[in-house]
Amino acid sequence: MKKIITIASAVLLLQACTTFDPYTGESKTSKTAIGAATGASLAAVVAYIANKDEDSNTRNKRILAAGAGGAAIGGGIGFYMDAQEAKLRKKLRDSGVSIQREGDKINLIMPGNIIFATNSANINSNFTDVLSSVALVLEEYNQTLIVVSGHTDSIGSAQHNQKLSEERAGGVVQYLRGQKILSDRFEIVGFGEEQPVANNNTAGGRELNRRVEITLLPVLES
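- Taking an unreviewed UniProt entry as the reference, the protein is identified by name as OmpA/MotB domain protein belonging to Colwellia psychrerythraea.
- According to its UniProt record, the protein has this under Subcellular location (unreviewed entry): "Cell outer membrane".

Re the pairing of strand 4 (residues 105-111)
Point 1. Of all seven residues in strand 4, five are buried; the element is thus mostly enclosed.
Point 2. As judged from the five bridges shared by strand 3 (residues 98-102) and strand 4, these two strands associate in the antiparallel manner. Bridge pairing in strand 4 links Gln100 to Asn107.
Point 3. Hairpin connection, strand 3 to strand 4: the antiparallel pair is bridged by two residues, and Gly103 has positive phi, about 60°.

Here we look at helix 7 (residues 128-140)
Point 1. Relative to the 18 Å expected for 13 residues at 1.5 Å per residue, helix 7 spans 19 Å between its end C-alpha atoms, a close match to the ideal helical length.
Point 2. Of the positions making up helix 7, those classed as buried are Val130, Leu131, Ser132, Ser133, Val134, Ala135, Val137 and Leu138.

Points about the side chain of Ser165
Point 1. If you trace the backbone, Ser165 turns up in helix 8 (residues 158-177).
Point 2. At 3.0 Å, the side chain of Ser165 forms a polar contact with the backbone nitrogen of Gly192.

Brief notes about the sheet that holds strand 5 (residues 144-151)
Point 1. Spatially, 3-4-7-5-6 is the arrangement adopted by the five strands of the open sheet, whose pairing is mixed. The strands lining the two open edges of the sheet, one partner per strand, are strand 3 and strand 6 (186-190). Taken pair by pair, the neighbouring strands of this sheet meet at an average axis angle of 20°, ignoring direction.
Point 2. Pairing of strand 5 with strand 7 (residues 211-218) involves eight bridges; the strand directions are antiparallel. Following the sheet pairing, Val148 is matched in strand 7 by Ile214.

A word on the confidence of the model for the protein
Predicted coordinates in regions of low pLDDT should not be interpreted in detail.
Point 1. Chain-level statistics for the protein give a pLDDT mean of 80 and a share of 72% at 70 or above.
Point 2. Confidence drops under pLDDT 50 across residues 1-34; counting only partners more than four residues distant or on other chains, this segment forms 37 contacts.

Rules used in this analysis
Residues numbered from 1 in each chain as written. Predicted model: local features only at pLDDT ≥ 70, side-chain atom pairs only at ≥ 80, totals over all residues. Heavy atoms only, no water. UniProt positions renumbered as here; feature names shortened; annotations may be inferred. Buried < 20%, exposed > 50% of the residue type's maximum accessible area, 1.4 Å probe, protein only. Helix = DSSP H or I, 4+ residues; strand = E, 2+ residues; numbered from the N terminus. Pairing = 2+ DSSP bridges. Expected span 1.5 Å × (residues − 1). Polar contact = N/O pair within 3.5 Å; in protein donor to acceptor, adjacent residues only side chain to side chain. Axes fitted to C-alpha atoms, helices over the stretch in contact; angles between N-to-C directions. pLDDT = per-residue confidence, 0-100. Contact = heavy atoms within 4.5 Å.

Below you can see the structure in the form of structure tokens.
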């Protein structure tokens, strides 16, 4: 029920912040609405992790042990994430990837049209350099949990979109694992068409909704 309310709230927000362009005949979603909806999808990721049955404490200990333990906490979580964000912004400038920061969480939003061909989960060869740049930062800042989530537009069946979103998120994780990023750090989730950031009734909106997001969460020792 809580999930349904969250999604409904995001949809209402998008509708409230959508305007009609009399010249093109299309609805346009404001940047404020897109930012708020992206925040809703980040909240969905956090809720997904919180509701997992896996023993997160055991996983966190493995990650901290592999990353020499406790450095992020000792230096301050906020400072650690600030430094990581700065590195990512430098590496990803002009890449087409946008970066959203919310508290101690960092979200990388990768438009589907620059990562994948239409209806495919194969990563475009001209995007691998971007993912390699992300991997360099993830390897350096190794005390973060990496949640890779796939999203689609609403064209096609919900079942197909769910499968495609999972495959695309899995493809990104497979590539990053190949760059020697610790497997324990990854979580893969497909949201299908459930977390739109724009209006699916327009071509531009659907393009924004087809995306992969990489959410970085600091690992805390408990």
